[in-house]
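# Descriptive structure summary
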Amino acid sequence: MTSSDEDIEWFDDEGKRVDGREKDDLRETEMEVDVLTEADGSAMVEVGNTRVIASVFGPQELHPKHLQESDRAVIKMRYNMAPFSVDDRMSPGPNRRAKEIGLVAKKALEPAIEMEKFPTAGIDISMEVVESDGGTRVTGITAAALALADAGIPMKGMVSATAAGVVDETPVLDVNGKEDKEGNADIPIALINYDEDGEHTGEEITLVQMDGDLTQEQVEDCIELAKDGCRQLHEMQQDAMLEKYRQLRGGDE
Amino acid sequence: MKLNQDTIREMAEDGQRLDGRDLKEMRDIKVETDYINETSEGSALVEIGDTKVLVGLSIEIEEPYDDRPGKGTIVTNAELAPMARRDYESGPPQEDGVELARVVDRGIREAEAIDLEDLCMVEGEKVYTVFIDAHVLNDDGNLIDATSLAAMAALKSGYLPAYDEETETLNRDEKWKDIELQCEPITVTGHKIGDTLLWDTTGEEEKALDARLTVSKKKDGNIVAMQKGETQPFTADEMSQIMTEADEKIQKFREILEAEVGE
């Protein structure tokens, strides 16, 4: 895509990526549920140096009344980057990019939420990116899904999200900032994960975006890779929820 | 929540609080510097009780103002994230955020904590601007104190990146030097409910608040900035009491700062 692409050593002799990962490795990921006290649900997800805090208020009364839907809840979504979350300071408040991401993130989560259980109500979801190194929207969606679960909002399945990309004609999972900016492509994907008795029973893709220059085969490879990543993230989400409820119960298991 | 407000007022009359603290007692304070790994030139997460404020510095190169060609600039900004409190609206800084930023800024600026001449690279052409951005993540009261403390902690642990004269840009991977602080002003706020003065109010208590007085003091004890807030008046005696009682809180803040980012 860029001329600099060819100059970068994307893989070392052992096939490791610029940050030492294998092609199908996620970055080091940490998740914590219930990190804020004012919101009804909250979570922080850290993927490498990308860190997002998400919150949920609601279901609650929605104002003004004309925004209400008689048969379902209405979601308001905010995605915002803190001024210090990027190298060159960003002006405070959501810009056009942030508004678009808020929109696609809402569409990524909404199909998983049992909206019809809360007619006329509003659910406010918000994500604050406090540090960014690629993958802020997918990390935000993963965090927001945890915040929804923490708020006790019923969902058909947990949503998890990550991006796959292509560098040096090779599909890689969970692109970092450098791979995103200077690689061939970036495809963020979100999944609703369905599980029954610990068995993975299927999934639905609720977010796809892409920019770059790829063959259809490469795109399909990226989607498969990202789906695998989403499933790994989903396991970590379950662990993070268990961790919280273990603490609440005060027991070990 | 009118009930709670009435209860808080009645209890305050008897010198009591909902959470059982003494009137002058602070909640637990935690300071974590270098919270942001890569993208910020100095950062701190401060928690006072459940209140959580993240401050990150951004250093940029800009042209100096015409009337002070040899001096850099500091800019303080505060954002109250909608997640911080149920009644916060998303959008550009509201009045509360603007006041918060200005009060925090005044303490630092009036104490001349940062030597602005130290931020000058090429007189009349290139100076450093230090952006102090506060992100309020969870508001359970006493925001001014938490934000000021986070700002000082971020500055104390912050640095100026190297300036590359050839490309006329900052080399963010290379540190030039620490941000030098000439003095360390500390900002604390006394609160009034009815005729009772109290410290480190919670969000719940602040709904019943009549007045507050913020005081910024240097190490020598001199006051460099004040701000009265909320709708009811103070007597001169009440203000004196707050200025006096402030010393103990300021001392505590200094000890916490020293422990986290000592010399």
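Just so we're clear, the structure is a prediction, and the values are computed from it rather than from any experiment.

## Regarding the overall build of chain A
- A tally of regular secondary structure across chain A gives four helices and 10 strands.
- Sequence-ordered secondary structure for chain A, helices as α and strands as β, is β-β-β-β-α-β-α-β-β-α-β-β-β-α.
- For 253 residues, the compact-globule estimate of 2.2 N^0.38 gives 18 Å, and chain A sits close to it at 18 Å.
- C-alpha atoms of chain A, sized along the principal axes, occupy 55 × 45 × 35 Å.

## Things to note about the overall build of chain B
- Summing up its helical and strand segments, chain B has five helices and 12 strands in all.
- Relative to a compact globule of 263 residues, whose C-alpha radius of gyration would be 18 Å, chain B shows 19 Å and is just as compact.
- With respect to the principal axes defined by its C-alpha atoms, chain B has extents near 65 × 35 × 35 Å.
- The buried share of chain B, taken over its 263 residues, is 57%.

## So, empty space enclosed by the protein
Residues and elements named next belong to chain A.
- Counted according to the given criterion, the structure contains three cavities of 30 Å³ or more.
- The volume enclosed by the largest cavity comes to roughly 60 Å³.
- As for the largest cavity, its lining consists of Leu-26, Arg-27, Val-45, Val-47, Gly-135, Val-138, Thr-139, Thr-142, Ala-161, Thr-162, Asp-174 and Leu-233.
- Counting residues per element, the ones that place at least two in the lining of the largest cavity are strand E2 (41–47), helix H2 (136–150) and strand E6 (158–167).
- Considering each element in turn, the lining of the largest cavity owes the most residues, three residues, to H2.
- One number sums up the size of the second largest cavity: a volume of about 40 Å³.

## Topic: the sheet that holds strand E4 (residues 74–81) of chain A
Residues and elements named next belong to chain A.
- Read across the open sheet, the five strands follow the order E1-E2-E3-E5-E4; overall the sheet is mixed. Among the strands making up the open sheet, the edge pair consists of strand E1 (29–33) and E4. Averaged over all pairs of adjacent strands, the angle between their axes in this sheet comes to 15°, without regard to strand direction.
- Across nine bridges, the pairing between strand E3 (residues 50–61) and strand E5 (residues 121–131) is antiparallel. Among the inter-strand pairings, Val-56 is bridged to a residue of E5, identified as Ile-125.
- Relative to E4, helix H1 (residues 96–109) is tilted by about 135°, and along the sheet it contacts E4 and E5.

## A closer look at the packing of helix H2 (residues 95–110) of chain B against helix H3 (residues 143–156) of chain B
Residue and element names in this part refer to chain B.
- Remark: H2 packs on H3, axes separated minimally by 10 Å, with the N-to-C direction vectors making an angle of 50°. Between H2 and H3, the interaxial angle falls into the category oblique. Read as a crossing pair, H2 and H3 show a hand that is right-handed. In this structure, H2 uses Leu-100, Val-103, Val-104 and Ile-108 to contact H3, whose residues at the interface are Leu-143, Ile-144, Thr-147, Ser-148, Ala-151, Met-152 and Leu-155.
- By residue class, the composition of the contact of H2 with H3 is nine nonpolar, two polar and no charged.

## A few points about the interface of chain A and chain B
- Contacts between the two partners involve 35 residues from chain A, matched on the other side by 33 residues from chain B.
- Here chain A meets chain B over a buried area of about 2,800 Å², counting both sides, of which 51% is carbon and sulfur.
- Of all residues in chain A, Glu-38, Phe-84 and Arg-89 of chain A give up the largest surface area on contact with chain B, accounting jointly for 26% of the area buried on that side.
- On the surface where chain A and chain B come into contact, there are four salt bridges.
- Notably, a salt bridge pairs Arg-86 of chain B with Asp-40 of chain A, separated by 2.6 Å at the nearest N-O pair.
- Taken together, the connections running from chain A to chain B amount to 16 residue pairs in polar contact (both at pLDDT 80 or more).
- In terms of residue count, the dominant contributor to the side of chain A that touches chain B is E3 of chain A (seven residues).

## Thoughts on the confidence of the model for chain B
- In the predicted model, chain B carries a mean pLDDT of 93, and 97% of its residues have values of at least 70.
- Overall fold confidence for the complex sits at a pTM of 0.92, while the interface term, ipTM, reaches 0.90.

## What to know about the sheet that holds strand E11 (residues 211–217) of chain B
Residue and element names in this part refer to chain B.
- Strands sit in the order E10-E9-E11-E12 across an open sheet of four strands; the sheet is antiparallel. The outermost strands of the open sheet, each flanked by one partner alone, are strand E10 (196–199) and strand E12 (223–229). Strand-to-strand twist of the sheet, defined as the mean angle between neighbouring strand axes without regard to direction, takes the value 20°.
- Where strand E9 (residues 186–193) and E10 come together, four bridges link them in antiparallel fashion.

## Side note on the packing of aromatic side chains
- This model, assessed by the stated rule, comprises one aromatic pair over all chains.
- Geometrically, the ring pair formed by Tyr-128 of chain B and Trp-176 of chain B is stacked, given 6.0 Å between the ring centres and 15° between the ring planes. Here Trp-176 of chain B lies in strand E8 (residues 169–178) and Tyr-128 of chain B lies in strand E6 (residues 126–138), a separation of 48 residues in the sequence.
- Residue Trp-176 of chain B is classed as partly exposed on the basis of its relative accessible area of 40%.
- Positioned above the aromatic ring of Phe-11 of chain A is the side chain of Lys-23 of chain A, whose terminal nitrogen or guanidinium carbon lies 5.3 Å from the ring centre.
- Against the face of Tyr-35 of chain B rests Arg-51 of chain A, its NZ or CZ located 4.2 Å from the ring centre.

## As for the layout of surface pockets
- Here the largest pocket defines a volume of roughly 1,000 Å³.
- Considering the residues around the largest pocket, the lining is formed by 35 residues, among which Ser-132, Asp-133, Gly-134, Gly-177 and Lys-181 of chain A are closest to the centre.
- Mapped onto the lining of the largest pocket, the elements with two or more residues apiece are H2, helix H3 (177–182) and strand E8 (185–196) of chain A together with E8 of chain B.
- In this structure, the second largest pocket is lined by 28 residues; those nearest its centre are Arg-85, Tyr-88, Asp-139, Gly-203 and Glu-206 of chain B.
- For the lining of the second largest pocket, the leading source of residues is H2 of chain B, giving four residues.
- A class-by-class count of the residues in the lining of the second largest pocket yields seven nonpolar, six polar and 15 charged.

Cut-offs applied
Residues numbered from 1 in each chain as written. Chains lettered and ligands numbered in written order. Predicted model: local features only at pLDDT ≥ 70, side-chain atom pairs only at ≥ 80, totals over all residues. Heavy atoms only, no water. Helix = DSSP H or I, 4+ residues; strand = E, 2+ residues; numbered from the N terminus. Rg over C-alpha atoms; globule rule 2.2 N^0.38 Å. Buried < 20%, exposed > 50% of the residue type's maximum accessible area, 1.4 Å probe, protein only. 1 Å grid on protein atoms, 1.4 Å probe; cavity = no way out; pocket = protein on both sides within 12 Å on 5 of 7 lines; lining within 4 Å. Points joined across faces, edges and corners; volume = space filled by probe spheres on them. Pairing = 2+ DSSP bridges. Axes fitted to C-alpha atoms, helices over the stretch in contact; angles between N-to-C directions. Contact = heavy atoms within 4.5 Å. Parallel < 35°, antiparallel > 145°, perpendicular 65-115°, else oblique. Left-handed = near helix turned anticlockwise from the far one by under 90°. Nonpolar A, V, L, I, M, F, W, Y, C, P; charged D, E, K, R; others polar. Buried area = accessible area lost by both parts, 1.4 Å probe. Salt bridge = Lys/Arg side-chain N within 4 Å of Asp/Glu carboxyl O. Polar contact = N/O pair within 3.5 Å; in protein donor to acceptor, adjacent residues only side chain to side chain. pLDDT = per-residue confidence, 0-100. Phe/Tyr/Trp six-rings, centres within 6.5 Å; stacked < 30°, edge-to-face > 60°. Lys NZ or Arg CZ within 6 Å of the ring centre and 35° of its normal.

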